[in-house]
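Chain by chain, the residues:
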Amino acid sequence: PRIPDMLNGAPFDLLDHQKRAIRAWNANEFKGILELATGSGKTITSIYAATKVYQARKKMGAPTILMVSVPYVELAKQWVMNLEVFGMEPIECWDSRHRWTNKLEQNILAFNLGAIDFIGMVVVNKTLSSDHFSTVISPLSPSNIVFIGDECHRHGSEKMSKALPNAFYRMGLSATPFNSDEDDYDSPFPDEARFRLTSYYNRVVDTYTLGDAINDGVLCEYDYHIVPVFLTEQEQEIFEKISLDIARLLAASRSTGLTDQQRSLFKMLAGRRSRLLGGAENKLVALSQTILGIEAENQSHSLFYCGEGYIDK
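A brief structural summary. The shown structure was predicted, so the numbers you read here are calculated from the model rather than taken from an experiment.

1. Notes on the overall build of the protein
The secondary structure content of the protein amounts to twelve helices and nine strands. Here the C-alpha atoms of the protein give a radius of gyration of 22 Å, agreeing with the 20 Å that 2.2 N^0.38 yields for 313 residues. Considering only C-alpha atoms, the protein reaches an extent of 65 × 55 × 40 Å along its principal axes. When burial is assessed residue by residue, the protein has 40% of its 313 residues classed as buried.

2. Some thoughts on the layout of surface pockets
Space inside the second largest pocket adds up to approximately 160 Å³. What lines the second largest pocket is Pro1, Gly87, Met88, Glu89, Ile91, Lys103, Asn107, Ile116, Phe118, Ile119 and Gly120. Among the secondary structure elements, those contributing two or more residues to the lining of the second largest pocket are α4 (97-112) and β6 (118-124). Residue composition of the lining of the second largest pocket, grouped by class: six nonpolar, three polar and two charged.

3. Quick word on the pattern of salt bridges
In this structure the tally under the stated criterion is eleven salt bridges. In this structure, arginine 20 engages aspartate 206 in a salt bridge whose closest nitrogen and oxygen atoms are separated by 2.8 Å. Of this pair, arginine 20 sits in helix α1 (residues 16-27) while aspartate 206 sits in strand β9 (residues 204-208), and the two are 186 residues apart along the sequence. Accessibility expressed as a relative area gives 33% for arginine 20, which makes it partly exposed.

4. Observations concerning the nonpolar core
Ranked by internal contacts, the top residues of the largest apolar core, which has 39 residues, are Leu66, Val70, Trp79, Val122 and Ile148. With seven residues, helix α2 (residues 42-59) is the single largest residue contributor to this core. Those residues in contact with valine 70 that sit more than four places away from it in its chain are Leu75, Ala76, Trp79, Val122, Val123, Val124, Asn125 and Asp150. If you look at the next biggest cluster of nonpolar residues, it comprises 26 residues, including Ile65, Met67, Cys152 and Met160.

5. Points about a nonpolar patch on the surface
On the surface, a nonpolar cluster with roughly 500 Å² of combined accessible area is contributed by Leu210, Tyr222, Tyr224 and Ile226. Looking at the element boundaries, tyrosine 222 is found in the loop between α9 (210-215) and α10 (233-255). Residue tyrosine 222 is classed as partly exposed on the basis of its relative accessible area of 46%.

6. Describing the sheet that holds strand β3 (residues 31-36)
Across the sheet, which stays open at both edges, the seven strands sit in the order β5-β6-β4-β7-β8-β3-β9 with parallel pairing between neighbours. With partners counted over all chains shown, the strands left at the sheet margins are β5 (91-93) and β9, one partner each. This sheet shows a mean twist of 15° between the axes of neighbouring strands, independent of strand direction. Of the pairings in the sheet, the one linking β3 to strand β8 (residues 169-173) comprises four bridges and is parallel in character.

Rules of the game
- Residues numbered from 1 in each chain as written.
- Predicted model: local features only at pLDDT ≥ 70, side-chain atom pairs only at ≥ 80, totals over all residues.
- Heavy atoms only, no water.
- Helix = DSSP H or I, 4+ residues; strand = E, 2+ residues; numbered from the N terminus.
- Rg over C-alpha atoms; globule rule 2.2 N^0.38 Å.
- Buried < 20%, exposed > 50% of the residue type's maximum accessible area, 1.4 Å probe, protein only.
- 1 Å grid on protein atoms, 1.4 Å probe; cavity = no way out; pocket = protein on both sides within 12 Å on 5 of 7 lines; lining within 4 Å.
- Points joined across faces, edges and corners; volume = space filled by probe spheres on them.
- Nonpolar A, V, L, I, M, F, W, Y, C, P; charged D, E, K, R; others polar.
- Salt bridge = Lys/Arg side-chain N within 4 Å of Asp/Glu carboxyl O.
- Core = buried A, V, L, I, M, F, W, Y, C linked by side-chain atoms within 4.5 Å.
- Contact = heavy atoms within 4.5 Å.
- Patch = residues over 30% accessible without salt bridge, like charges linked within 9 Å, V, L, I, M, F, W, Y side chains within 5 Å.
- Areas by Shrake-Rupley, 256 points an atom, 1.4 Å probe, with all protein chains shown as cover.
- Pairing = 2+ DSSP bridges.
- Axes fitted to C-alpha atoms, helices over the stretch in contact; angles between N-to-C directions.

This is the structure:
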């Protein structure tokens, strides 16, 4: 790993808010969440910090493991490209285990024998939470691991929080660390995810908001237009049925509390309702109409952000 001389055709240097974020992380004993607005350089900030950790440890004769966790394969591929700019060739831990297991095991063996002093890997959350991945990385000493959790708000679930490695260096990245578009704000136990995140990553050590980024010229100004979308009749019926079941559980939580079984049911219902809203059929109709309103010469500069799920058509 090395700091590049150039990035995107210009001499490389961090912006002031990136330097401040790294200082805050260092001062908090190399743990913490960076709450940085989307587009403000979270990825480069964290890779720079990890590279500096590697260089400092190398001077002391200590080896380093960099483990980056991301929610999606497409995001993982972007991380690989950014890591390559910093001289790293990370192992790509996603898709079939047969594609990456042997390479990772060989690198871990060489690392533990002292033949190499660095391993980089990018792993998607699905793989990270698997027993197989946990077994493969078990020979690694926690003291050597730098763990970066991109979109770390996704690590607040019980399953994901249990899968996070016992790394000494921990950095969480998210524009909204305690809120995701999968949250259900009616939850009678909204602090559980926050507790799991702060138990692992520690506190938010630095914040750089969307307003900060626009005021500093890091992001351009923009207009925000709401496009209302309505549920179909069938979706509305399902939504009302789920909402009624949720309301009953909420009423029970305020009087007698919820059993473990009821808590699990509530989470399942809340997730189902969120997915129903996220995948509303008329969203694609509205998207098609919106695209028709974009001039042909500007369509190549249009970005579309999608939630989880798929359309079976």
